[in-house]
Amino acid sequence: MRYFYIRNKGFISAYFFIIFLAMIMIITIVSNNLHYRTMTLGNLQSVIHQSQQELRIVSEIRNMLINENLEDSEYEVLNDKIFVQFENHELVITLDSNQKYIEDYEVISMK
């Protein structure tokens, strides 16, 4: 009594066909995995680039606050907030009431 009967005669053997389909599935899964990994790395690079720009701007403004020359900068201060635009984002930096230090900052996406 056979439970699994496949003919091995003919133009393409059924055993070969099953092995061929399994190989195709494995190759497809691996290539999709690699594709999504490269997309993830590309997204991570853009996030790292954006956060580096944020930190550069925040440290530059912090340095201006320490040296007390914020008025001479290209940044515009409105009601204890500084609005800086870069790429597709806007950085909003909140200063204390005396404009001596940075209380908080947030990034707003403009997409």
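Parameters at a glance
- Residues numbered from 1 in each chain as written.
- Predicted model: local features only at pLDDT ≥ 70, side-chain atom pairs only at ≥ 80, totals over all residues.
- Heavy atoms only, no water.
- Helix = DSSP H or I, 4+ residues; strand = E, 2+ residues; numbered from the N terminus.
- Expected span 1.5 Å × (residues − 1).
- Buried < 20%, exposed > 50% of the residue type's maximum accessible area, 1.4 Å probe, protein only.
- Contact = heavy atoms within 4.5 Å.
- Pairing = 2+ DSSP bridges.

Let's talk about helix α1 (residues 14-67)
Think of an α-helix as 3.6 residues a turn; residues three or four steps apart then line up on the same face. When the terminal C-alpha atoms of α1 are compared, their 79 Å separation across 54 residues agrees well with the 80 Å that a helix rising 1.5 Å per residue should span. Considered for burial, the residues of α1 that qualify are Q50, Q53, E54, I57, V58, I61, M64 and L65. The inward-facing, buried residues of α1 contact β2 (81-86), β3 (89-95) and β4 (102-109). Positioned one or two residues after α1, E68 has a phi angle of 55°, which is positive.

Digging into the sheet that holds β3
With antiparallel pairing, the four strands of this open sheet are ordered in space as β1-β2-β3-β4. Single-partner strands in this sheet number two, and they are β1 (77-78) and β4. Where β3 and β4 come together, seven bridges link them in antiparallel fashion. For I93, the partnering residue across the bridge sits in β4 and is Y105.

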